[in-house]
Amino acid sequence: MAGNPKLIILSEQLRGQTFELTADQYSVGRAEDCDICIPDPTMSGHHCDLRRDGDGVYSVVDLESTNGTRVNGVRVQSQRLNNSDIMQIGGVEVLFDSHEKFVTSVLSTQTKINLEDTAGDLNVQEMSNFSPFGSRSSALQGTEKSKWVTIAIYGGIGVLAAAVLVAIVVLIVKIVGS
């Protein structure tokens, strides 16, 4: 036997962190009382469970999380895990590394991001509760927001130019008057 199955975090900030799976069930989420606590804001407090069946094979069960659970790019509610499956728990990618006896025909995994394709099914929700500035009005987003920023910048420049002009006039009056 090659050892116990493991979860290996692939996402950048926590890359390489490993969780060895020995129990029959694990709770996964960002809450500190979870068996596997991953402090990431894209994960729900209690995001999903890992459950081992009678054959010793783990499955992932989504707990109605906000950002969902995906296995190999497909959103799932419950899915049996195979060696080398890539789970996306919220925004955190995790590799499921299992026993050799559960090896699948998957030889490699590949993640692609096509910035040209806007017809994909990836729907990223704004998480305003994580913004340090609170929620923003939808009227100030996108093009409308940049319009207001531009007006504010030009307005500030105009006020500064007027102040400099007044200072020059006051200086000239003092010089001529003395």
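The sections below set out a description of the structure shown in this document. (Residues numbered from 1 in each chain as written. Predicted model: local features only at pLDDT ≥ 70, side-chain atom pairs only at ≥ 80, totals over all residues. Heavy atoms only, no water.)

A few points about the pairing of strand S3 (residues 25–29)
Within a regular strand, side chains alternate between the sheet's two faces.
Here is step 1 of the chain: The element S3 is extensively covered by neighbouring structure, given that 4 of its 5 residues are classed as buried.
Here is step 2 of the chain: Note that S3 and strand S5 (residues 48–52) share 4 bridges and pair antiparallel. Bridge assignment links Gln-25 to a residue of S5, and that residue is Arg-51.
Here is step 3 of the chain: Of the strand pairs in this sheet, S3 and strand S4 (residues 36–37) are connected by 2 bridges, and their pairing is parallel. Residue pairing in the sheet places Val-28 in a bridge with Ile-36 of S4. (Buried < 20%, exposed > 50% of the residue type's maximum accessible area, 1.4 Å probe, protein only. Helix = DSSP H or I, 4+ residues; strand = E, 2+ residues; numbered from the N terminus. Pairing = 2+ DSSP bridges.)

A look at unusual backbone geometry
Here is step 1 of the chain: For Asn-72, which is not a glycine, the phi torsion comes out positive at approximately 50°.
Here is step 2 of the chain: Tracing the chain through its elements places Asn-72 in the loop between strand S7 (69–71) and strand S8 (74–76).
Here is step 3 of the chain: In this structure Asn-72 comes out as partly exposed when scored by relative accessible area, which is 44%.
Here is step 4 of the chain: Not every positive phi belongs to a glycine, and Ser-84 is a case in point at roughly 75°.
Here is step 5 of the chain: Here Ser-84 is to be found in the loop between strand S9 (78–80) and strand S10 (85–89).

Here we look at the packing of aromatic side chains
Here is step 1 of the chain: In total, this model carries 1 aromatic pair according to the counting rule given.
Here is step 2 of the chain: Ring geometry for Tyr-58 versus Phe-96: centroids 6.4 Å apart, planes at 65°, classification edge-to-face. Separated by 38 residues along the polypeptide, Tyr-58 in strand S6 (residues 58–62) and Phe-96 in strand S11 (residues 92–97) bring together distant segments of the chain. The pair formed by Tyr-58 and Phe-96 is uniform in burial state, with each residue classed as buried. (Phe/Tyr/Trp six-rings, centres within 6.5 Å; stacked < 30°, edge-to-face > 60°.)

Details of the sheet that holds S6
Here is step 1 of the chain: Pairing is mixed in the open sheet, where 5 strands are placed in the order S4-S3-S5-S6-S9. Of all strands in the sheet, those bounded by a partner on one side alone are S4 and S9.

So, the sheet that holds S11
Here is step 1 of the chain: Spatially, S2-S1-S11-S10-S7-S8 is the arrangement adopted by the 6 strands of the open sheet, whose pairing is antiparallel. For this open sheet the edge positions go to strand S2 (18–20) and S8, each flanked by a neighbour on one side alone. Direction aside, neighbouring strands of the sheet carry axes that sit 30° apart on average.
Here is step 2 of the chain: Direction of pairing for S7 relative to S10: antiparallel, over a ladder of 3 bridges. If you follow Thr-69 over to S10, its bridge partner there is Ile-89. (Axes fitted to C-alpha atoms, helices over the stretch in contact; angles between N-to-C directions.)

A few points about the nonpolar core
Here is step 1 of the chain: In this structure, Leu-7, Ile-36, Leu-50 and Met-87 are the most contacted members of the largest nonpolar core, which totals 21 residues.
Here is step 2 of the chain: Elements with a minimum of two residues in this core: strand S1 (6–9), S3, S5, S6, S10 and S11.
Here is step 3 of the chain: Here this core gets 3 residues from one element, more than from any other, and that element is S11.
Here is step 4 of the chain: Beyond its immediate chain neighbours, meaning those up to four positions away, Ile-36 contacts Leu-7, Phe-19, Leu-21, Tyr-26, Ser-27, Val-28, Gly-29 and Leu-50. (Core = buried A, V, L, I, M, F, W, Y, C linked by side-chain atoms within 4.5 Å. Contact = heavy atoms within 4.5 Å.)

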